[in-house]
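Chain residues, written in single-letter form:
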Amino acid sequence: MHPLLGVVIAYLAGSIPSAHIAGKLRGIDLRKAGSGNLGATNVSRVLGWKTGVVVLLADMLKGALPVALLPRVIESTRPEVWAVAFGVAAILGHVRPIFLLGKGGGKGVATAAGVFLALAWLPFLVTQLVFFSVAFTTKYISLASLSAAVMLPIAILVWTGNAMSPVFLASIPIVLFVFWNHRANIRRLRRGEEPKFSFKRKTA
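Residues numbered from 1 in each chain as written. Predicted model: local features only at pLDDT ≥ 70, side-chain atom pairs only at ≥ 80, totals over all residues. Heavy atoms only, no water.

Trainee: Looking at this model, I keep getting lost on the overall build of the protein. Mind explaining?
Mentor: Scanning the protein from N- to C-terminus turns up 10 helices and 0 strands. Overall, the protein shows an N-to-C arrangement of helices and strands of α-α-α-α-α-α-α-α-α-α. The principal-axis extent of the C-alpha atoms belonging to the protein is close to 55 × 35 × 25 Å. Residue burial in the protein is summarised as follows: out of 204 residues, 47% are buried. In the protein, the share of contacts with a sequence separation of at least 24, taken over all contacts with a separation of at least 6, comes to 65%. Carbon and sulfur atoms provide 69% of the accessible area of the protein, an area that totals close to 10700 Å². Looking at the protein, you have 22 positive and 6 negative side-chain charges, and the mean spots of the two groups are 10 Å apart. (Helix = DSSP H or I, 4+ residues; strand = E, 2+ residues; numbered from the N terminus. Buried < 20%, exposed > 50% of the residue type's maximum accessible area, 1.4 Å probe, protein only. Contact = heavy atoms within 4.5 Å. Areas by Shrake-Rupley, 256 points an atom, 1.4 Å probe, with all protein chains shown as cover. Lys, Arg positive; Asp, Glu negative; His and termini not counted. Charge placed at Lys NZ, Arg CZ, Asp CG, Glu CD.)

Trainee: Explain the confidence of the model for the protein to me, please; I cannot follow it from the model alone.
Mentor: Interpretation of this model should avoid reading the predicted coordinates in detail wherever pLDDT is low. Scored by pLDDT, the protein has a mean of 91; 97% of the residues are at 70 or more. Across the protein, the element-wise mean pLDDT spans from 89 in helix α3 (residues 40–47) up to 96 in helix α1 (residues 3–15). (pLDDT = per-residue confidence, 0-100.)

Trainee: Looking at this structure, I do not really get the pattern of salt bridges. What am I missing?
Mentor: Within this structure, the stated rule accounts for 5 salt bridges. Between Arg 191 and Glu 193 there is a salt bridge whose closest N-O contact spans 2.9 Å. Residue Glu 193 is classed as partly exposed on the basis of its relative accessible area of 48%. (Salt bridge = Lys/Arg side-chain N within 4 Å of Asp/Glu carboxyl O.)

Trainee: It is not clear to me how the packing of aromatic side chains should be interpreted in this structure. Could you clarify?
Mentor: A complete count under the given rule lists 3 aromatic pairs for this structure. Feature note: the residues Phe 131, Phe 132 and Phe 136 constitute an aromatic cluster, connected by ring pairs. (Phe/Tyr/Trp six-rings, centres within 6.5 Å; stacked < 30°, edge-to-face > 60°.)

Trainee: Explain the packing of helix α9 (residues 166–181) against helix α10 (residues 183–191) to me, please; I cannot follow it from the model alone.
Mentor: In a pair of packed helices, the angle between the axes and the distance between the axes together describe the arrangement. Look at α9 against α10: their axes get within 4 Å of each other, and the N-to-C directions meet at 60°. Here α9 lies oblique to α10, going by the angle between them. For the pair formed by α9 and α10, the contact residues are Phe 179, Trp 180 and Asn 181 on the first element and Arg 183, Asn 185 and Ile 186 on the second. (Axes fitted to C-alpha atoms, helices over the stretch in contact; angles between N-to-C directions. Parallel < 35°, antiparallel > 145°, perpendicular 65-115°, else oblique.)

And the structure:
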């Protein structure tokens, strides 16, 4: 299989709107409920944490599976480079899903986590430790996501010892991308207006 076809497949996989589907199954358009974001955090707030966990895992799989499986079937002498490309395509699909006409996707954190679980499992575990530590300490999911994003390239660099590795180089723009998608959250955090996470579902 040509690697570019793999990029298309990865993008389409990332475009599967897990949160939107979960909301529609309950008769709710999550783009018009809660924060309006199609991510696991908003799913948890509106539909409950159990549904949020299912969506979180689905969004992670959208990133992990293309990275883990597609390099095995492409025609290339550098499958590790294309694995990174597949991961980036999956993240872009999640943020700009073609099945929702390129609008209303999530912020890419869960899918990026799945990508790096497949690319670099030990740095992934380190970032998750940071994420859950910050999340349970502050109750701010956005702050936990940003903290984990900052830790990602540091952990990868320590793990690989190579500042020119494709995985490390890919982590830098992805971190910047995560920060860009969280710019509204950052403004709310600075103003003290960011809502804290709760396991209780919001009621109308």
